[in-house]
Amino acid sequence: MTKILSTVLSLLIFSCIIYAQDNNFKEVKDIENAQLDLAKLSENTNSIQSTFIQEKHLSFLTENIISKGEFYFQSPNKLRWEYSDPFKYIIVFNDKNILIKDENKLSTFDTESNKMFSEINNMMIGSIQGSLFTDSERFNVKYFENTTQYLLELDPKLPEMKSMIKTIKIYIDKSDISVSSIKMIESSDDYTSINFTNRKMNQPIDNNKFELK
Amino acid sequence: MKSEFRIQKIEVLNIIRSSKFVILNSIFFSLLLFIISCSNPYKNLAKSEYSINEIQKIPYALPYSEQTIIYKTDISFYKNDISGLLIIKKTEESIYRIALTTQFGLKIFDFELNQGNLKVKYCIEYLNKKIILNTFETDFNLLLMQMNFESLTSYNNQLENQKVWQLKSGKLNYNYIQNINSDKIENIRFMKRNSEKISVGLHNYKGDIPENISLQHHNIKLKMNLKLIQ
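Residues numbered from 1 in each chain as written. Chains lettered and ligands numbered in written order. Predicted model: local features only at pLDDT ≥ 70, side-chain atom pairs only at ≥ 80, totals over all residues.

A. Spatial organisation of the overall build of chain A. Scanning chain A from N- to C-terminus turns up four helices and 12 strands. Considering chain A as a whole, with its 213 residues, one finds that 27% of them fall into the buried category. Counted over contacts in chain A with a minimum sequence separation of 6, partners at least 24 positions apart contribute 43%. (Helix = DSSP H or I, 4+ residues; strand = E, 2+ residues; numbered from the N terminus. Buried ≥ 20, exposed ≤ 12 C-beta atoms within 10 Å, placed from the backbone. Contact = placed C-beta atoms within 7 Å.)

B. Structural view of the sheet that holds strand 1 (residues 26-27) of chain A. Residues and elements named next belong to chain A. Strand order in this open sheet of 12 strands is 1-8-9-10-11-12-2-3-4-5-6-7, and the pairing throughout is antiparallel. Looking at which strands have only one partner, the edges of the open sheet turn out to be strand 1 and strand 7 (105-110). Judged from the seven bridges that link them, strand 8 (residues 139-145) and strand 9 (residues 149-156) form a sheet pairing that is antiparallel. Note that in strand 9 the partner of F144 across the bridge is L151. (Pairing = 2+ DSSP bridges.)

C. Quick look at the environment of I98 of chain B. Residue and element names in this part refer to chain B. Residue position: I98 is located in strand 4 (residues 95-101). I98 sits 42 residues away from Q56 along the chain, and the two C-alpha atoms are 22 Å apart. Not counting residues up to four positions away in its chain, the partners in contact with I98 are I88, F111, L113 and F140.

D. How the structure looks around helix 2 (residues 130-144) of chain B. Residues and elements named next belong to chain B. The first and last C-alpha atoms of helix 2 sit 21 Å apart over 15 residues, in line with the 21 Å expected at 1.5 Å per residue. Listed as buried for helix 2 are F136, D139, F140, N141, L142, L143 and L144. One or two positions beyond helix 2, positive phi appears at M145, with a value near 55°. (Expected span 1.5 Å × (residues − 1).)

E. Local environment of the nonpolar core. L86, I87, I98, L113, L142, Y176 and V200 of chain B are the most contacted members of the largest nonpolar core, which totals 44 residues. Here this core takes five residues from helix 2 of chain B, the largest share from any one element. Listed in part, the 36 residues of the second largest apolar core include L38, I120, V179 and F210 of chain A. (Core = buried A, V, L, I, M, F, W, Y, C linked by C-beta atoms within 7 Å.)

F. Quick peek at the environment of N128 of chain B. All names here are of chain B. Topologically, N128 is positioned in the loop between strand 6 (117-123) and helix 2. What makes N128 exposed here is the crowd of 12 C-beta atoms within 10 Å. Beyond its immediate stretch of four places on either side in the chain, N128 contacts V120 and C123.

G. Region of interest: unusual backbone geometry. A cis amide bond, omega 0°, links S75 of chain A with the succeeding residue P76 of chain A. Along the chain, the position of P76 of chain A falls in the loop between strand 3 (65-74) and strand 4 (78-85). In this structure, P86 of chain A follows D85 of chain A across a cis peptide bond, with omega equal to 5°. The backbone phi angle of I177 of chain A is positive, close to 45°, even though this residue is not glycine. Looking at where I177 of chain A falls in the secondary structure, it is placed in the loop between strand 10 (167-173) and strand 11 (178-185). Exposure remark for I177 of chain A: the 19 C-beta atoms within 10 Å place this residue in the partly exposed category. For Q115 of chain B, which is not glycine, the phi torsion reads 50° and is therefore positive. Looking at where Q115 of chain B falls in the secondary structure, it is placed in the loop between strand 5 (107-114) and strand 6. Judged by the 12 C-beta atoms lying within 10 Å of it, Q115 of chain B falls in the exposed class.

H. View of the pairing of strand 9 (residues 172-179) of chain B. Residues and elements named next belong to chain B. Of all the eight residues making up strand 9, six are buried; the element is thus mostly covered by neighbouring parts of the structure. Inspection of the sheet shows strand 8 (residues 162-169) paired to strand 9 by eight bridges, in the antiparallel sense. Directly across from V164, in strand 9, lies its bridge partner I177. Hairpin remark: strand 8 followed by strand 9, antiparallel, with two residues in the connecting loop; positive phi at G170, about 60°. Where strand 9 folds back onto strand 10 (residues 184-192) in an antiparallel hairpin, the turn is made up of four residues, including D183, whose phi is positive at roughly 65°.

I. The confidence of the model for chain A, seen in detail. Residues and elements named next belong to chain A. Averaged over all residues, the pLDDT of chain A is 84; the fraction at 70 or higher stands at 88%. Mean pLDDT across the secondary structure elements of chain A bottoms out at helix 1 (residues 2-21), with 49, and peaks at strand 2 (residues 47-57), with 95. Low pLDDT, under 50, characterises residues 11-21; the predicted model gives this stretch one contact beyond four residues in sequence or across chains. (pLDDT = per-residue confidence, 0-100.)

J. Inspection of the confidence of the model for chain B at higher detail. For chain B, the mean per-residue pLDDT works out to 86, and 82% of the residues sit at or above 70. Model confidence for the complex: the whole-complex pTM is 0.81, and ipTM, which rates the interface, is 0.81.

Here it is in structure tokens:
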């Protein structure tokens, strides 16, 4: 009897932990309606400016590795990621060009010749701007929600991508349909989560943010 | 016209002669260098022998640090440039985890170095090749002083203000070169039959940990530059 009780108890505790971790997310019942809602993300997003905090979790470390910076997006395909702490690194995607400023070293690539960067570019722009959710060729998408957020879980279908990433979780605030955080989970369960803070939507961004000298 | 031709001829001959001289000279010097390099360069220096258990006498703290060490890292390998964060963590005695992630966080590789043997926990496909993994194994063994060796000798080079700690294993020589003034290891040289294969510079120590490390292979086009961020 005590055995059964303790099993039930531990199951309860265990499910409570899962419950707490997922912030009460439940599977979306009316997916079509959610999709309509989420379509606003790409329709209404002309530009985003935001600061971000990135946390890298590695199983063999007790503490996460934290980096910070700024983020700029201009529809349809301009993106600037700027890490400022604890290292300086800027990557700009401008149409087909990729510019990287690493400390003071500037390098340029084009997305067509560099497959890895072009994947990163598609993933970053796609998750922020919403085109990734409808990319059923490359991802299986599951929809969850709670009172304040949608949670989209994207499982890559293509083997090259699958070998790097198990799931991408995208958290979207319902109030203004904007991405508040992204979590990329690797096959080993190590993950990177990026939280966007101080988001400014649809405000003009100086074009020179997408150029590097 | 004729004289002009003669002058040209003389010039050409001179060039040939002088280049012959240069060639002969360079052969002579390379022979000399070869002879010098074949002998132990530290032969005439005051030396002390140690047992291999006394390796901790080498004032090199990187392998013993219990902290998580993070270096911003650039690797250039033939025409490939890889950049990211290199995370080194000693998990147990003689066991290390060494992972490289991109700035965005995605893992490039995650290795365990266990008593000098590299085990792959994860590695992106295009680096997951035996020859590349063996190279990483040698490099990280050198950086973390984890290679197997049979003898440990130190040489005092007062003239250069250096103390050279030499770990030997057959034809392989690992030299950890200590600056006597700063008491820090500032160079590491890996030699095979006395020809230098890898050299490492360790600079700007922050406490016990070097802020800058540059590792270069001499027989393949591979360079690593590390800058401490944590």
